[in-house]
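Structure assessment
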Amino acid sequence: MNPIQVLMDEHQRIESVMKRLSSWSRGLAGGEQDARSELAEFVEFIQSFTDTLHHGKEEEILFATMVERGFSRQQGPIAVMLSEHAEGRALTATLRVLSECPAPWTEEERSKVVRASRAFVDLLVAHIEKEDQILYPMAESRLSDTDWDEIGRRFELFESDAKNAELRRKIAPLITRLEGR
Ligand SMILES: [Fe+2]
């Protein structure tokens with residue numbers, strides 16, 4: 001396996017759901033019957049696929065290896081990526097609270113949904129571009145073939161971990177539903 005290709009393929013999936021989230025939030029006009037459960041599905045995708053499975057592999061395996069090979073965790077590209085992951089988690093928490101508040105949304109709650117969705121999509125799209133264009137090429141030029149073999153082996157272990165494998169199975173139909181929206 002090529003670990004960078006795995007991460008970039010996941011980016012494409014995330015971007016395709018971000019497009020759906022963006023158009024969904026722009027289409028909110030009031031009086032939506034299923035808006036809360038629809039938002040809850042986007043939040044579930046973000047927390048399971050984007051954060052647990054994708055950011056999990058980046059933070060626990062790729063970034064950790066880069067730090068072992070001399071990249072700083074406190075400043076520079078890895079620090080920026082980690083702080084953007086944290087910013088994304090805060091926006092996701094806001095979206096989750098909004099998905100759980102009692103129906104119907106007030107005017108103010110609806111505009112919060114639109115603002116937080118837009119902020120999240122903008123953050124993720126720019127973040128993915130930085131990883132694809134800057135961080136991953138830096139990693140490719142600095143890590144050795146042995147490092148990449150080890151990263152690939154650890155990606156496989158991560159994916160076959162019972163909790164992660166179960167999560168991936170559980171969200172497969174959700175991804176199909178979201179991509180068809
Ligand atoms: Fe990423």
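Further up the page is the structure itself.
Computed from a predicted model, the values in this text were never measured in an experiment.

1. Remarks on the packing of aromatic side chains
One pass over the structure, following the stated rule, counts two aromatic pairs. Ring centres 5.6 Å apart and planes at 50° place the aromatic pair W24 and F42 in the tilted group. Taken as a pair, W24 in helix α1 (residues 3-26) and F42 in helix α2 (residues 35-68) lie far apart in primary sequence, 18 residues in all. As far as the burial class goes, W24 and F42 line up, both buried. Seen in terms of ring centroids, F45 and F49 are 5.2 Å apart; in terms of plane orientation they differ by 15°. Their pairing is stacked. Linking F45 with F49, this pair stays in helix α2, spanning four residues, or about one helical turn. For F45, a relative accessible area of 0% gives the class buried. Residue classification places F49 among the buried positions, given a relative accessible area of 3%. The ring of W105 has R36 lying over it, and the distance from NZ or CZ to the ring centre is 4.5 Å. Looking at R142, its charged tip hangs above the ring of F71, at a distance of 4.2 Å from the centre.

2. Thoughts on the coordination of the iron ion
Looking at the iron ion, one finds its protein donor set to be H11 (NE2), H54 (NE2), E58 (OE) and E131 (OE), positioned 2.0 to 2.3 Å from the metal centre. Taken together, the four donor atoms coordinating the iron ion and their angles of 84 to 164° define a geometry best described as irregular. Along the chain, the residues donating to the iron ion fall in the pattern H-x42-H-x3-E-x72-E. Highlighted residues: H11 in helix α1 and E131 in helix α4 (residues 107-142), separated in sequence by 120 residues. Judged by its relative accessible area of 1%, H11 is buried. Residue classification places E131 among the buried positions, given a relative accessible area of 0%.

Procedures and definitions
Just so you know, the residues in each chain are numbered from 1, in the order the chain's sequence is written. Residues qualify for local features only when their pLDDT is at least 70, as the model is predicted, and side-chain atom pairs are given and counted only at 80 or more; totals for whole chains, interfaces and linings, by contrast, use all residues. Only hydrogens and water are set aside when side-chain values are computed; all heavy atoms of the structure are taken into account. Only centres within 6.5 Å qualify two rings of Phe, Tyr or Trp (six-membered ring in Trp) as a pair; their planes then separate them into stacked at under 30 degrees, edge-to-face at over 60, and tilted for everything else. Every helix listed is a DSSP run of H or I at least four residues long, and every strand listed is a run of E at least two residues long, numbered separately from the N terminus. When accessible area is computed with a 1.4 Å probe and restricted to protein chains, residues below 20% of their type maximum are described as buried, those above 50% as exposed, and intermediate ones as partly exposed. Any Lys NZ or Arg CZ found within 6 Å of a ring centre and within 35 degrees of that ring's normal is scored as a charge over the ring. Only nitrogen, oxygen and sulfur atoms within 2.8 Å of the metal, or 3.2 Å for Na, K and Ca, are treated as donors, and water is left out, so sites may look incomplete. Here the metal geometry follows the donor angles, with tetrahedral for four donors whose angles all fall between 85 and 135 degrees, square planar for four and octahedral for six when opposite donors are more than 155 degrees apart and every other angle is between 65 and 115, and irregular for all the rest.

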